[in-house]
Amino acid sequence: MLKWKLLLACFLFSIAFHAQNEELSKIATLIEDKKFDESINELLVLEKKYPSAVEVKFKLAQVYFWNANEDKAFDKISEIETTVMNEDIINLKIQVQQKRNQFDQVIALCDFGISNYNNPEFYHTQKALAYAALDEMDLALSSLSKIEISDSNKSKINYLKKEILNKRKNFITVGYLQTNSISDDFPTWYLGSLEYGHKFKK
């Protein structure tokens, strides 16, 4: 009897999981069309159906972030238990906290990412941006120096180094260039950048 109950429970869970994924797939189309408000409404409905679904909470936090609502993104991603943290969740937390000017937390999250995941370029770049925002230029340059230079990242790293070295005559603000694809074959990437304006002496 216990065996059949377990099989039934697994069967029902499988059906629910499949239904959840189907609904997320439909919402992904709205996200691709940048219909963020509609996507958020649909995700909130889905969250009521599956209140413990990590994927739904994560996607909702993502869309809040893309819709320039960093505080709601932070609140939603904070609902995810630390025991189920993964690289995607950590990376989104870093982006959200960077945008919320929580630079000490960004640095701590990047240190965790460097220790646990195989994406050092992302974490060292985000640490450099956070240190630059805190006016810790030596630490920012130190973080960039730990990135392995390649043809694909050379211009970006050189640009960031140049802006950090020019900090005394330029003001720096953190900015983002985001490219996104819903397909699992093309993961979401974020590129940190620095926008600056020259300080002219009067």
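Check the entry above for the structure.
As the structure is a computational prediction, the values presented were derived from the model and not from experiment.

1. Observations regarding the overall build of the protein
Here's step 1: What the protein contains, in helices and strands, is 9 helices and 2 strands.
Here's step 2: The secondary structure elements of the protein, listed N-terminal to C-terminal, are α-α-α-α-α-α-α-α-α-β-β.
Here's step 3: Per-residue burial for the protein yields a buried fraction of 39% across its 202 residues.
Here's step 4: Long-range contacts, defined as pairs at least 24 residues apart, comprise 53% of the intrachain contacts of the protein with a sequence gap of at least 6.
Here's step 5: For the protein, the accessible area works out to roughly 12,600 Å², and carbon and sulfur atoms hold 53% of it.

2. Quick notes on the nonpolar core
Here's step 1: Core analysis: the largest hydrophobic core is formed by 45 residues, its most contacted members being Val 63, Leu 92, Ile 94 and Leu 144.
Here's step 2: For this core, the element with the highest residue contribution is helix α3 (residues 54-66), accounting for 8 residues.
Here's step 3: Here Val 63 is in contact with Ile 31, Phe 36, Ser 39, Ile 40 and Leu 43, once residues within four sequence places are set aside.

3. Overview of helix α5 (residues 87-99)
Here's step 1: Taking 1.5 Å per residue, 13 residues should reach 18 Å; α5 reaches 18 Å between its end C-alpha atoms and fits that length.
Here's step 2: The element α5 is largely enclosed, with a buried count of 10 among its 13 residues.
Here's step 3: Inspection of α5 places Ile 89, Ile 90, Asn 91, Leu 92, Lys 93, Ile 94, Gln 95, Val 96, Gln 97 and Gln 98 among the buried residues, and these make up the whole buried set.
Here's step 4: For α5, the capping residue at the N-terminal end is Asn 86, with a side-chain oxygen 3.1 Å from the backbone nitrogen of Asp 88.
Here's step 5: Just past α5, the residue Asn 101 takes up positive phi, approximately 65°.

4. Examining the environment of Asp 111
Here's step 1: Mapped onto the secondary structure, Asp 111 falls in helix α6 (residues 103-116).
Here's step 2: Relative accessible area serves as the criterion here: at 33%, Asp 111 is assigned to the partly exposed category.
Here's step 3: Along the chain, Asp 111 and Tyr 123 lie 12 residues apart, while their C-alpha atoms are 7.5 Å from each other.

5. With respect to the side chain of Lys 59
Here's step 1: The residue Lys 59 is located in helix α3 in this model.
Here's step 2: Nearest to the buried, unbridged Lys 59 among oppositely charged side chains is Glu 55, at 4.9 Å.
Here's step 3: For Lys 59, the side chain forms a polar contact with the side chain of Gln 62, separated by 2.9 Å.
Here's step 4: Among residues more than four places away in sequence, those in contact with Lys 59 are Ile 31 and Leu 43.

About the criteria used
Residues numbered from 1 in each chain as written. Predicted model: local features only at pLDDT ≥ 70, side-chain atom pairs only at ≥ 80, totals over all residues. Heavy atoms only, no water. Helix = DSSP H or I, 4+ residues; strand = E, 2+ residues; numbered from the N terminus. Buried < 20%, exposed > 50% of the residue type's maximum accessible area, 1.4 Å probe, protein only. Contact = heavy atoms within 4.5 Å. Areas by Shrake-Rupley, 256 points an atom, 1.4 Å probe, with all protein chains shown as cover. Core = buried A, V, L, I, M, F, W, Y, C linked by side-chain atoms within 4.5 Å. Expected span 1.5 Å × (residues − 1). Polar contact = N/O pair within 3.5 Å; in protein donor to acceptor, adjacent residues only side chain to side chain. Lys, Arg positive; Asp, Glu negative; His and termini not counted. Salt bridge = Lys/Arg side-chain N within 4 Å of Asp/Glu carboxyl O.

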